[in-house]
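Single-letter residue listing:
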Amino acid sequence: CGIYEKYIKRFLDFTLSLSALILLSPILLVFMVIGTIKMKGNPFFYQQRPGKNEKIFKLIKFRTMTNKKDKQGKLLPDEQRLTSYGRFLRSTSIDELPQFWNILKGDMSLVGTRPPTVDEFQQYEARHKRRLSMKPGLTGMWQVSGRSNIEDFEEVVRMDLDYIDNWSLQLDAKIILKTIVVIFKKVGAK
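Here the structure is a predicted model, which means the values were calculated and not measured. (Residues numbered from 1 in each chain as written. Predicted model: local features only at pLDDT ≥ 70, side-chain atom pairs only at ≥ 80, totals over all residues. Heavy atoms only, no water.)

Draft legend 1. View of the overall build of the protein. Looking only at helices and strands, one finds 9 helices and 4 strands in the protein. Traced from its N-terminal end to its C-terminal end, the protein shows the element sequence α-α-β-β-α-α-α-β-α-β-α-α-α. Here the protein has a C-alpha radius of gyration of 17 Å; the compact-globule value for 190 residues is 16 Å, and the two agree. Each principal axis of the C-alpha atoms in the protein carries an extent, and together these give about 55 × 40 × 30 Å. The buried share among the 190 residues of the protein stands at 45%. At a minimum sequence separation of 6, the contacts of the protein that also span at least 24 residues come to 67%. Here the protein carries 32 positive and 20 negative side-chain charges, and the mean point of each set is 7 Å from the other. (Helix = DSSP H or I, 4+ residues; strand = E, 2+ residues; numbered from the N terminus. Rg over C-alpha atoms; globule rule 2.2 N^0.38 Å. Buried < 20%, exposed > 50% of the residue type's maximum accessible area, 1.4 Å probe, protein only. Contact = heavy atoms within 4.5 Å. Lys, Arg positive; Asp, Glu negative; His and termini not counted. Charge placed at Lys NZ, Arg CZ, Asp CG, Glu CD.)

Now the structure itself:
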């Protein structure tokens, strides 16, 4: 891929994420209000994630879990904190919509590698770190290949590295089209 393709990718990320935020603003506003009521507070969930070249950024999503704690004051396991509202947000991928803001800012791309958590990144071997040579994406090979049904970390790494090695604007377009199909079929959504 050429240098111009990378500039075109950033231009498309910026213009498409700005357009999405504008067009989806009524829907985002509705879910912000519902989330504030259902979650009894901030409707957004922020999490530190390593991005391109290991630069930490703050990923934003709609909250899907409560902050319920056990008798010792420890957070309950994720599956016990996930609300029915949160389950709906995840199954429809609506929880991901605020990430258009991350894309607009340049922390993420529309298409890229799966953004790891800090805990996941701390367990990386040197060979896994090449996943961070590109910006993480709102969607990517893992999204259109089974999403949360893929539990083998090495398989996710293989898909991400395959994406990096074969990246092109045409591949991004293909992944975006496949993502739309996957979301509407709710493939691998949890």
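Draft legend 2. Structural detail: a nonpolar patch on the surface. Where nonpolar side chains cluster on the molecular surface, the patch consists of Ile 3, Tyr 4, Tyr 7, Ile 8, Phe 11, Leu 12 and Leu 16 and spans about 780 Å² of accessible area. Summarising the element assignment, Tyr 4 is placed in helix α1 (residues 3-23). (Patch = residues over 30% accessible without salt bridge, like charges linked within 9 Å, V, L, I, M, F, W, Y side chains within 5 Å. Areas by Shrake-Rupley, 256 points an atom, 1.4 Å probe, with all protein chains shown as cover. Salt bridge = Lys/Arg side-chain N within 4 Å of Asp/Glu carboxyl O.)

Draft legend 3. Here's a closer look at the environment of Ile 164. In this fold, Ile 164 is placed in helix α8 (residues 153-165). Accessibility expressed as a relative area gives 15% for Ile 164, which makes it buried. Spatially, the C-alpha atoms of Ile 164 and Gln 99 are 21 Å apart, while their sequence positions differ by 65 residues.

Draft legend 4. Quick peek at the packing of α1 against helix α2 (residues 25-38). One way to put it is that α1 packs onto α2 with a least axis distance of 4 Å and a crossing angle of 60°. Considered as vectors, α1 and α2 are oriented oblique to each other. Two secondary-structure elements touch here, α1 through Ala 20, Leu 21, Ile 22 and Leu 23 and α2 through Ser 25, Pro 26 and Leu 28. Split into classes, the residues belonging to the contact of α1 with α2 amount to 6 nonpolar, 1 polar and no charged. (Axes fitted to C-alpha atoms, helices over the stretch in contact; angles between N-to-C directions. Parallel < 35°, antiparallel > 145°, perpendicular 65-115°, else oblique. Nonpolar A, V, L, I, M, F, W, Y, C, P; charged D, E, K, R; others polar.)

Draft legend 5. Inspection of the pairing of strand β1 (residues 44-50) at higher detail. Pairing of β1 with strand β2 (residues 56-62) involves 7 bridges; the strand directions are antiparallel. Within the sheet, the bridge partner assigned to Gln 47 lies in β2 and is Leu 59. (Pairing = 2+ DSSP bridges.)

Draft legend 6. Highlighting the pairing of β2. Burial analysis of β2 places 5 of its 7 residues in the buried class, which makes it a mostly covered element. Counting the residues in the hairpin turn of β1 and β2 gives 5 residues, including Asn 53, whose phi is positive at 55°.

Nothing here speaks to function; it is all geometry.
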